[in-house]
Amino acid sequence: MADSPMAVEQHNPALQHHFADMEQQRQASSLGMWLFLATEIMFFGGMFCAYLIYRYWYYPEFAAGSNSLDITLGTVNTAVLICSSLTVVLAVHAAQLGKRQAQVIYLALTLVLGLAFLGVKGIEWTSKFKEHHIPGPSFHFEGAVPGHPDEPVDQRHAQIFFSLYFAMTGMHALHMVIGVGVFSYLLYYAWKGRYTPDYHTPLENSGLYWHFVDIIWIYLFPLLYLIDRKK
Amino acid sequence: MATAAITAERESYLNQEYGIKSWLLTTDHKRIALLYLLSITFFFFIGGFFALLIRLELLTPVGDLVQADTYNKLFTMHGQVMIFFFLIPSIPAVLGNFLVPLMIGARDLAFPRINLLSWYLYIIAGILMLHCMLTGGVDTGWTFYTPFSTAFSNTKVIEAGLAIFISGFSSILTGLNFVVTIHRMRAPGMTWDRLPLFIWAHYATSIIQLLGTPVVAVTLVLVVLERAFHLGIFDPTRGGDPLLFQHLFWFYSHPAVYIMILPSMGIVTEIVPCFTRKRIFGYKFVAMSSIGIAVLGFLVWAHHMFVAGISLYAALIFSMLSYLVAVPSAIKVFNWTATMYKGSITFATPMLYAFGFIGLFLMGGLTGLFLSALGIDVHVTDTYFVVAHFHYIMVGGAVMGYLGGMHFWWPKISGRMYPEALGKLAAIIVFLGFNLTFFPQFILGYLGMPRRYWQYPPEFQVLNVLSTAGATILAVGYLLPMVYFLWSMRYGKVAPANPWGASGLEWKTTSPPPTFNFERTPVVDWEAYDYEHIPAPQEVRVGG
Amino acid sequence: MSEYIVSVKTNVAVWLTLLVLTGVTAGIAFIDLGPFNTIVALVIATFKALLVTLIFMHVKYASERLVKVVVISALFFLLLLLGLSLADYTTRLL
């Protein structure tokens, strides 16, 4: 009796005592994370709404602004995030199978890839700064409307594009930074052996968060970088 | 028999642990509810103080109490404090936090530590807001319309925006906690169709909190960024659209009014069957109407923008949708009334507040239909008609429901009975004071007095004086419960487990409950509101 | 534990698909499809998002209909925000 699964479960140190059992706790935490992601969909959604309206109004300037972004770096960053989602999935997989070392390696790789993404972002933003594309008093956009080299670009409308560019990629980057923080915490505890086949809920739920941030970027990439790129 | 000594011996969540740390670091949902009770009451009186100053200024047609700029700050701060720091948290964070686990037979909410975090976020937001108010305040109106808020106002818009952002996070976490708790932690046998309708109401409220609040959060972020870094997202001189701000703002702020009213409706749905000794009429309809209000409430936001410059076609759509959202609310009113038909009614204090709610909400809701009609709206928008409409719902509705709920569950929360005669007196004073304050405002608005104006044409003075007189009476009505609730903690009659003979799991445990709510997890095998099987209480009758 | 363990093979296959689709998205942007450029890009992005959601985030394997309801609800309300706002903006000059 003392070794029955129920008895063992009552003594799982991770069980919080207002829950009846580990399964209820796991289901509650998972639902909690999904609900939080739903709020994040609405949070970014507000900015997507602003983007939608202004792209409808100022398409030429949006196209011009988009063309001034570095498509190579954007594509590379998209690939980096996709790779990081894989490493997250493999870390959870390792926890499900009880492989501590693999967990640690994959979590560390995730961190590296996340930081690489932020690094590339930093490079992109620095070049925007040099080109005077950061909204504010020193904003000036030199580009032309794609396909219409004689058409002057309305500076105010171009500034709106870049305001949204920085707001959206900035908010996304902030979420990446938080993700890096969370995964550093996970890396530490994974290394200490906390996550086992019986209990790896924090890994799973943090993974959900990371994937979500990846999905946001999957949409940001074409919407910001690929407007009217045809030669 | 009912002595303080006996109470002191009974162990409950109140005396299980002592000391300030046991309160400030508690994860017990009941203690967190009391922490919230203290904080929201504090902010209620701050908001009320601003209201008092507004009504004093409006006693005379000329601006002679404060300057025009100051008056702008007064109505802004009154609105912001009352909406974000009182109305939105009040019922969910106090009564919801206290009762949701008890009503479903759980030991606590799903995430007790997040519950505590939610309170701390509220406090941080509150401190930031207080600091903002004390160092100059905001004058943009609680609606923060751009480009005034982003480019022209010389007041502390960023600080106020950040304070509201943080309070929004608090609201989101409360909603998240409730949804997970209701889905995952119901006691055995507590099926969805046996849940108290208070739970259904809070479930619907939580959905709105989760889906709506993030939009206003990101909008406030954009306003702060625009103001700080001179971006042009909402500024027409820089290519932006002020209406985009309004769309994003009202996408949350309209459903927000349902955050404020739904929990109150849930309270009324608990009180009415109890003091009528009858099952609620149409349980499924009442439950579904809560969900209906939550969903439909997201479809109507631009009725706040009819004259702002949206297209006529959009206005037509939103007008039609606004009529639709009245239907589920009406269903509730019909069902409360049908419940009372041929019932055995006791006019205890909670029931008086419930009656007040039903009548005043009816008036507020019906005048909302007036406002949904484009023709009428053009005439009365931005007048006192609108002010009266929303105060009927928020004060006549939400606050009365809140007070009714506080009286109904006070014995459970504190283990004491409040003095019934004073309770009835306060309810009547509140009802009379409220109507004297706000009914004249319907007339004022229809006659053309604009809102947010610091001075007005002299022909409006009589009605304004009546309104201010009513406000002072209302203030007395609000102060009374504070006094006698505090009094009752020491001198009130000791409450039994179920003083009202009410249905619901919370009444099956002691008053006040032990920290873990129930001696053992209840197993439910009876339907909700089974008043035919619950004997009426003998000792608590009219005149108590 | 009622947990489903997705095989490494499946995960790697999804990962490769995502990378290929990223390349396709970037490449197609340089081909003139008129108004369809945007649509194609968004369709591919949605397909990628679905792959991440269903497989990486285990939604396909989760026994819980509730999770699907949560995600679909959030998307529904987002579409409401976008759609009804557009109802104003696209009809203003009519």
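Residues numbered from 1 in each chain as written. Chains lettered and ligands numbered in written order. Predicted model: local features only at pLDDT ≥ 70, side-chain atom pairs only at ≥ 80, totals over all residues. Heavy atoms only, no water.

Engineer: Can you lay out the overall build of chain C for me, pointing to particular residues and giving the numbers?
Structural biologist: Scanning chain C from N- to C-terminus turns up 3 helices and 0 strands. When the helices and strands of chain C are placed in sequence order, the string is α-α-α. By the compact-globule yardstick of 12 Å for 94 residues, chain C is too spread out, its C-alpha radius of gyration being 18 Å. Overall, the C-alpha framework of chain C stretches about 60 × 35 × 10 Å when taken along its three principal axes. (Helix = DSSP H or I, 4+ residues; strand = E, 2+ residues; numbered from the N terminus. Rg over C-alpha atoms; globule rule 2.2 N^0.38 Å.)

Engineer: Quick one: what's the story with the side chain of Ser84(A), residue by residue and with numbers?
Structural biologist: All names here are of chain A. Counting through the fold element by element, Ser84 comes out in helix 4 (residues 71-96). With a relative accessible area of 0%, Ser84 lands in the buried category. A polar contact is formed between the side chain of Ser84 and the side chain of Trp210, at a distance of 2.8 Å. Dropping the residues within four chain positions of it, Ser84 is found in contact with Thr110, Leu113 and Trp210. (Buried < 20%, exposed > 50% of the residue type's maximum accessible area, 1.4 Å probe, protein only. Polar contact = N/O pair within 3.5 Å; in protein donor to acceptor, adjacent residues only side chain to side chain. Contact = heavy atoms within 4.5 Å.)

Engineer: A description of the packing of aromatic side chains should follow, citing residues and the corresponding values.
Structural biologist: Residues and elements named next belong to chain B. Inspection of every chain in the model, using the stated rule, returns 70 aromatic pairs over all chains. Note on Phe49 and Phe50: the rings are 5.9 Å apart at their centroids and 50° apart in plane angle, and the pair reads as tilted. Residue Phe49 is classed as partly exposed on the basis of its relative accessible area of 45%. Ring centres of Phe251 and Trp301 lie 5.2 Å apart, and the angle between their planes is 70°; on these two criteria the pair is classed as edge-to-face. Residue Phe251 is located in helix 9 (residues 242-276), and its partner Trp301 is located in the loop between helix 10 (283-296) and helix 11 (312-340); the two are separated by 50 residues in the primary sequence. Each member of the pair, Phe251 as well as Trp301, is classed as buried. The rings of Phe198, Phe275, Phe408, Trp409, Trp410, Tyr418, Tyr484, Phe485, Trp500 and Trp507 are connected pair by pair, giving a single aromatic cluster. Cation over ring: Lys508 sits above Trp526, and NZ or CZ is 5.0 Å from the ring centre. (Phe/Tyr/Trp six-rings, centres within 6.5 Å; stacked < 30°, edge-to-face > 60°. Lys NZ or Arg CZ within 6 Å of the ring centre and 35° of its normal.)

Engineer: Would you mind going over the interface of chain B and chain C in detail, with residue names and values included?
Structural biologist: Facing the 21 residues of chain B at the interface are 14 residues of chain C. Of the roughly 1,500 Å² buried between chain B and chain C on both sides combined, carbon and sulfur atoms contribute 74%. In this structure, Glu64(C) engages Arg184(B) in a salt bridge whose closest nitrogen and oxygen atoms are separated by 2.4 Å. Linking chain B with chain C are 7 residue pairs in polar contact (both at pLDDT 80 or more). Counting only elements with at least two residues in the side of chain B that touches chain C, the list comes to helix 7 (157-184), helix 8 (197-229), helix 9 and helix 11 of chain B. Ranked by the residues each element gives to the side of chain B that touches chain C, the list is headed by helix 9 of chain B, at 5 residues. Taken together, the residues of the side of chain B that touches chain C break down into 15 nonpolar, 4 polar and 2 charged. (Buried area = accessible area lost by both parts, 1.4 Å probe. Salt bridge = Lys/Arg side-chain N within 4 Å of Asp/Glu carboxyl O. Nonpolar A, V, L, I, M, F, W, Y, C, P; charged D, E, K, R; others polar.)

Engineer: Talk me through the confidence of the model for chain C; I want residue IDs and the actual numbers.
Structural biologist: Summary statistics for chain C give a mean pLDDT of 91 and a share of 95% for residues scoring 70 or more. Reported confidence for the predicted complex is 0.93 by ipTM and 0.95 by pTM. (pLDDT = per-residue confidence, 0-100.)

Engineer: Before we move on, can you summarise the interface of chain C and chain A with the specific residues and values?
Structural biologist: Across the contact, 47 residues belong to chain C and 49 residues belong to chain A. Buried area between chain C and chain A, both sides added, is near 4,200 Å², and the carbon and sulfur share of it is 79%. Counting across the chain C and chain A interface gives 0 salt bridges. Where chain C packs against chain A, one counts 5 residue pairs in polar contact (both at pLDDT 80 or more). For the side of chain C that touches chain A, the secondary structure elements donating two or more residues are helix 1 (8-28), helix 2 (36-56) and helix 3 (65-89) of chain C. Tallying contributions element by element places helix 3 of chain C first for the side of chain C that touches chain A, with 13 residues. Split into classes, the residues belonging to the side of chain C that touches chain A amount to 33 nonpolar, 10 polar and 4 charged.

Engineer: A description of a nonpolar patch on the surface should follow, citing residues and the corresponding values.
Structural biologist: A cluster of nonpolar side chains, Ile31(C), Leu33(C), Phe36(C), Ile39(C) and Val43(C), forms an exposed patch at the surface whose accessible area comes to about 460 Å². With respect to the helices and strands, the residue Phe36(C) is situated in helix 2. (Patch = residues over 30% accessible without salt bridge, like charges linked within 9 Å, V, L, I, M, F, W, Y side chains within 5 Å. Areas by Shrake-Rupley, 256 points an atom, 1.4 Å probe, with all protein chains shown as cover.)

Engineer: Help me get a handle on the packing of helix 2 (residues 22-57) of chain A against helix 7 of chain B, residues and values and all.
Structural biologist: If you want to describe how two helices pack, look at the angle between their axes and the distance between the axes. Where helix 2 of chain A contacts helix 7 of chain B, the two axes come as close as 9 Å, and the packing angle between them is 140°. Relative to helix 7 of chain B, helix 2 of chain A is oriented oblique. Where helix 2 of chain A crosses over helix 7 of chain B, the two elements pack in a sense that is right-handed. Within the contact between the two elements, helix 2 of chain A uses Gln24(A), Gln27(A), Ala28(A), Leu31(A), Gly32(A), Leu35(A), Phe36(A), Thr39(A) and Phe43(A) and helix 7 of chain B uses Phe165(B), Ile172(B), Leu176(B), Val179(B), Val180(B), His183(B) and Arg184(B). Here the residues of the contact of helix 2 of chain A with helix 7 of chain B sort into 10 nonpolar, 5 polar and 1 charged. (Axes fitted to C-alpha atoms, helices over the stretch in contact; angles between N-to-C directions. Parallel < 35°, antiparallel > 145°, perpendicular 65-115°, else oblique. Left-handed = near helix turned anticlockwise from the far one by under 90°.)

Engineer: If you had to explain the nonpolar core to someone new, which residues and values would you point to?
Structural biologist: Ranked by internal contacts, the top residues of the largest apolar core, which has 291 residues, are Leu95(B), Tyr402(B), Phe408(B), Trp409(B) and Trp500(B). Considering every element that reaches this core, the biggest residue donor is helix 4 (residues 68-104) of chain B, with 22 residues. (Core = buried A, V, L, I, M, F, W, Y, C linked by side-chain atoms within 4.5 Å.)

Engineer: Could you give an account of the side chain of Ser153(B), naming the residues involved and the relevant values?
Structural biologist: Secondary-structure assignment places Ser153(B) in the loop between helix 6 (148-152) and helix 7. Here Ser153(B) is in contact with Asp139(B), Thr140(B), Phe148(B) and Arg227(B), once residues within four sequence places are set aside.

Engineer: Please set out unusual backbone geometry residue by residue, giving values where relevant.
Structural biologist: Residue and element names in this part refer to chain B. Residue Pro147 is reached from Thr146 by a cis peptide bond, and omega for that bond is -5°. Omega for the peptide link from Ser511 to Pro512 comes to -10°, which places this bond in the cis form. Within the secondary structure, Pro512 is located in the segment after helix 16 (461-491). Not every positive phi belongs to a glycine, and Arg452 is a case in point at roughly 60°. Inspection of the secondary structure assignment puts Arg452 in the loop between helix 15 (420-447) and helix 16. Look at Arg452 and you get partly exposed, because its relative accessible area is 27%.

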